[in-house]
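Listed below, chain by chain, are the residues.
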Amino acid sequence: MPGLLRGVARTAVVAGTATAVSNRVSRRQQGRWAQQEAQQQYQYQEQQAPPPPPAAPADDMTSKIDQLKQLGDLKAQGVLTEAEFEAQKARILG
């Protein structure tokens, strides 16, 4: 009898270990597949995304004009000196 119990116990341990290893391999493989699928989805979305619209030069010029008007107001109020005004104007006009 002890030999039979020992054989049954050994079989149970081997079967349990095999099941644990198999489950771990399955989970790891599923993780890899999920990662590959996410990467493919990201690449697909990148390909399908429309390119960003180019910045309109008129909007840029309007913005610069507004900034220059604000600088002129600050200079008229005495907040900016002539040198500061010229430096900021040169920065805006680039």
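Cut-offs and rules
- Starting from 1, residues in each chain are numbered consecutively following that chain's sequence as written.
- Confidence filtering applies because this is a predicted model: local features only for residues at pLDDT of at least 70, side-chain atom pairs given and counted only at 80 or more, and all residues used for totals across whole chains, interfaces and linings.
- In computing side-chain properties, one takes all heavy atoms of the structure into account and sets aside hydrogens as well as water.
- Only DSSP runs of H or I covering at least 4 residues are called helices, and only runs of E covering at least 2 are called strands; the numbering of each starts at the N terminus.
- When a residue's accessible area, from a 1.4 Å probe over protein chains only, is under 20% of the maximum for its type it is buried; when over 50% it is exposed; and in between it is partly exposed.
- Computed with a 1.4 Å probe, the accessible areas rest on the Shrake-Rupley method; for each residue, only the protein chains presented here act as cover.
- Two rings belonging to Phe, Tyr or Trp (six-membered ring only in the last case) form a pair when the distance between their centres is within 6.5 Å. Interplanar angles under 30 degrees mark stacking, angles over 60 mark edge-to-face geometry, and anything in between is tilted.
- Think of it as a cone above the ring: NZ of Lys or CZ of Arg counts as a charge over the ring if it is within 6 Å of the ring centre and within 35 degrees of the ring normal.
- To count toward a patch, a residue needs a relative accessible area over 30% and no salt bridge; like charges are then connected within 9 Å, while nonpolar side chains (Val, Leu, Ile, Met, Phe, Trp, Tyr) are connected within 5 Å.
- We count a salt bridge whenever a side-chain nitrogen from Lys or Arg sits within 4 Å of a carboxyl oxygen from Asp or Glu.
- Note that His is not counted, nor are the chain ends; the positive residues are Lys and Arg, and the negative ones are Asp and Glu.
- By convention, the point assigned to a charge is CZ for Arg, NZ for Lys, CD for Glu and CG for Asp.
- Take the residue count of a helix, subtract one, and multiply by 1.5 Å to get its expected span.

Draft legend 1. Structural view of the overall build of the protein chain. Secondary structure summary: the protein chain contains three helices and zero strands in total. Listing every helix and strand of the protein chain by position from the N terminus yields α-α-α. Residue burial in the protein chain is summarised as follows: out of 94 residues, 4% are buried. Only carbon and sulfur atoms are counted for the fraction: they give 58% of the accessible area of the protein chain, which is about 8300 Å².

Draft legend 2. Structural view of the packing of aromatic side chains. Following the criterion strictly, the structure yields zero aromatic pairs and no others. Over the face of the ring belonging to F85 we find K75, whose NZ or CZ atom lies 4.9 Å from the ring centre.

Draft legend 3. How the structure looks around a positive patch on the surface. A surface patch of like charges, here positive, comprises R24, R27, R28 and R32. Tracing the backbone through its elements, the reader meets R28 in helix 1 (residues 2-48). Note on R28: relative accessible area 41%, which makes it partly exposed.

Draft legend 4. Focus on the pattern of salt bridges. This model, assessed by the stated rule, comprises two salt bridges. In this structure, K75 engages E82 in a salt bridge whose closest nitrogen and oxygen atoms are separated by 2.6 Å. Assessed through its relative accessible area of 32%, K75 is described here as partly exposed. A relative accessible area of 42% means that E82 is categorised as partly exposed. In this structure, K89 and E86 form a salt bridge, with 3.6 Å as the shortest nitrogen-oxygen distance. Placement of both K89 and E86 in helix 3 (residues 82-93) is noted, with a separation of three residues, approximately one turn of the helix.

Draft legend 5. Quick look at helix 3. In a regular helix each residue adds 1.5 Å, so twelve residues correspond to 16 Å; helix 3 covers 16 Å between its end C-alpha atoms and thus fits that length. Looking one or two residues beyond helix 3, the residue adopting positive phi is G94, at roughly 70 degrees.

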